[in-house]
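# Chains, contacts and geometry: an overview
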Amino acid sequence: MIPLSWYLGLSAAVFCIGLYGVLGRRNAVAILMGIELMLNAVNINLVAFWRYISPALVAGQAFAIIIFAVAASEAAVGLALIISIYRSRSTVAAEDIDLMKW
Amino acid sequence: MTPLQLIFLVIALATITSAVMVVSSPKLVHAALWLIVTLACVAALFVVLEAGFLAMVQVAVYIGAIAILIIFAAMLTRRVMADTGGSANRSWWAAVFASVLLFVSLLALMSQVPTWATATSAPLALGAEPLLEDLGQSLVDVNRYVIPFEVASVLLLAALVGAIVVARPTAKRSAEAEE
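Calculation rules
Residues numbered from 1 in each chain as written. Chains lettered and ligands numbered in written order. Predicted model: local features only at pLDDT ≥ 70, side-chain atom pairs only at ≥ 80, totals over all residues. Helix = DSSP H or I, 4+ residues; strand = E, 2+ residues; numbered from the N terminus. Rg over C-alpha atoms; globule rule 2.2 N^0.38 Å. Buried ≥ 20, exposed ≤ 12 C-beta atoms within 10 Å, placed from the backbone. Contact = placed C-beta atoms within 7 Å. Nonpolar A, V, L, I, M, F, W, Y, C, P; charged D, E, K, R; others polar. Expected span 1.5 Å × (residues − 1). Axes fitted to C-alpha atoms, helices over the stretch in contact; angles between N-to-C directions. Parallel < 35°, antiparallel > 145°, perpendicular 65-115°, else oblique. Left-handed = near helix turned anticlockwise from the far one by under 90°. Core = buried A, V, L, I, M, F, W, Y, C linked by C-beta atoms within 7 Å.

## Some thoughts on the overall build of chain A
Helix and strand content of chain A: 3 helices and 0 strands. Each helix and strand of chain A, placed in order from N terminus to C terminus, yields the pattern α-α-α. By the compact-globule yardstick of 13 Å for 102 residues, chain A is too spread out, its C-alpha radius of gyration being 17 Å. Each of the three principal axes of chain A carries a C-alpha extent, and together these read 50 × 25 × 25 Å. For chain A, with 102 residues in total, the buried portion stands at 58%.

## Some remarks on the environment of B:Val29
All names here are of chain B. Tracing the backbone through its elements, the reader meets Val 29 in helix 2 (residues 28-48). By the C-beta count within 10 Å, which is 16 here, Val 29 ends up partly exposed. Separated by 72 residues in the primary sequence, Val 29 and Leu 101 place their C-alpha atoms 29 Å from one another. Contacts of Val 29, omitting those with residues within four sequence positions, involve Ile 71, Ala 74 and Met 75.

## A short note on the environment of B:Ala163
Following the sequence through the fold, B:Ala163 ends up in helix 7 (residues 146-167). The class of B:Ala163 is buried, set by 21 C-beta atoms lying within 10 Å. Discounting residues that sit within four places of it in the chain, B:Ala163 has contacts with A:Ala76, A:Val77 and A:Ala80.

## Notes on the interface of chain B and chain A
Contact with chain B, which involves 76 residues of that partner, is made by 65 residues of chain A. At the level of elements, helix 1 (3-24), helix 2, helix 3 (52-76), helix 4 (92-111), helix 5 (114-118), helix 6 (128-140) and helix 7 of chain B are the ones that each hand at least two residues to the side of chain B that touches chain A. Its residues assigned to classes, the side of chain B that touches chain A shows 59 nonpolar, 15 polar and 2 charged.

## Digging into unusual backbone geometry
All names here are of chain B. Positive phi values are uncommon outside glycine, yet Glu 50 reaches one of about 60°. Along the polypeptide, Glu 50 turns up in the loop between helix 2 and helix 3. We classify Glu 50 as partly exposed; it has 17 C-beta atoms within 10 Å.

## Observations regarding helix 1 (residues 4-24) of chain A
When the terminal C-alpha atoms of helix 1 of chain A are compared, their 30 Å separation across 21 residues agrees well with the 30 Å that a helix rising 1.5 Å per residue should span. The buried fraction of helix 1 of chain A is high, at 19 of 21 residues.

## Description of the packing of helix 2 of chain B against helix 3 of chain B
All names here are of chain B. Close contact between helix 2 and helix 3 brings their axes to 9 Å; oriented N to C, the two are set at 175°. Between helix 2 and helix 3, the crossing angle belongs to the class labelled roughly antiparallel. In contact with Leu 28, Val 29, Ala 32, Leu 35, Ile 36, Leu 39, Ala 40, Val 42, Ala 43, Phe 46 and Val 47 of helix 2, helix 3 contributes Gly 52, Leu 54, Ala 55, Gln 58, Val 59, Tyr 62, Ile 63, Ala 67, Ile 70, Ile 71, Ala 74 and Met 75. Here the contact of helix 2 with helix 3 is composed, by residue class, of 21 nonpolar, 2 polar and no charged.

## What to know about the packing of helix 1 of chain A against helix 4 of chain B
Contact geometry for helix 1 of chain A and helix 4 of chain B: axes closest at 9 Å, N-to-C directions at 160°. Relative to helix 4 of chain B, helix 1 of chain A is oriented roughly antiparallel. As helix 1 of chain A packs across helix 4 of chain B, the resulting crossing turns out to be right-handed. For the pair helix 1 of chain A and helix 4 of chain B, contact is made by A:Ser5, A:Leu8, A:Gly9, A:Ala12, A:Ala13, A:Cys16, A:Leu19, A:Tyr20, A:Leu23 and A:Gly24 and by B:Trp92, B:Ala95, B:Val96, B:Ala98, B:Ser99, B:Leu102, B:Phe103, B:Leu106, B:Leu107 and B:Met110, respectively. Counted by class, the contact of helix 1 of chain A with helix 4 of chain B contains 16 nonpolar, 4 polar and no charged residues.

## Things to note about the nonpolar core
When a protein is soluble and globular, its nonpolar side chains tend to lie buried together. Within the largest apolar cluster, 78 residues are counted, with the highest numbers of intra-cluster contacts made by A:Val29, A:Met33, A:Val47, B:Leu35, B:Phe46 and B:Ile70. When contributions to this core are tallied by element, the ones reaching two or more residues are helix 1, helix 2 (28-52) and helix 3 (59-89) of chain A together with helix 1, helix 2, helix 3, helix 6 and helix 7 of chain B. In contact with B:Ile70, other than residues within four places in its own chain, are A:Val29, A:Leu32, A:Met33, A:Ala75, A:Leu79, B:Ala32 and B:Leu35.

What follows is the structure in structure tokens.
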């Protein structure tokens, strides 16, 4: 059988790769891709814990479904913001978007 | 090593490889295509975990909607970032440092719970269909997860309205376009 720690290690690796994508990329769309990777890592964790720790309760799957909804709305609003910024400032590089920088 | 472990290792390797390609690919559209590979690998992991419904939702929502949305955004904004679009920013070494630090500390935290290393999955008490039925009922049951479910639906509605309002061209600009 597959030990639970394998799933946790894989999800930690995917989360950290996503974190690098969020912190290290210039393009705002690439940053959103990093966020999607992180949300997916969380989902792997939730489902693995559901399967191994409490398979009788459906809490893990219910939470994973809520995360799907959050990811979908986050992608929609984030990409709308990027399109809007691109329209007004003709850039999607995160360091050029300094409108609210003090 | 059992066949199931071998399958898991193959999927895990594919997941990590494609995830690394997502964050390192210089072309944004390539990164989006690698993101689809990663999402498909996660769906395969859900199948290994006996969560078939979530695997289906993963394919429908993530690959079918979110990945396509990201590809659209990458193509709409491609012109300005064609040459430097995928490159890392000036402090990419700090990002690598933060990610590695987080990974090492997560593994260290994980090793604090020795039961996780040996935990194996008990066979599911319910079959696949009663489990799915239970999941559906738990989302509308007043005593279980109806509040998160309703909050998620309001969140989706707000995101829908917000995305339309944010991405809509301003009145002045659309009037100019008509002239």
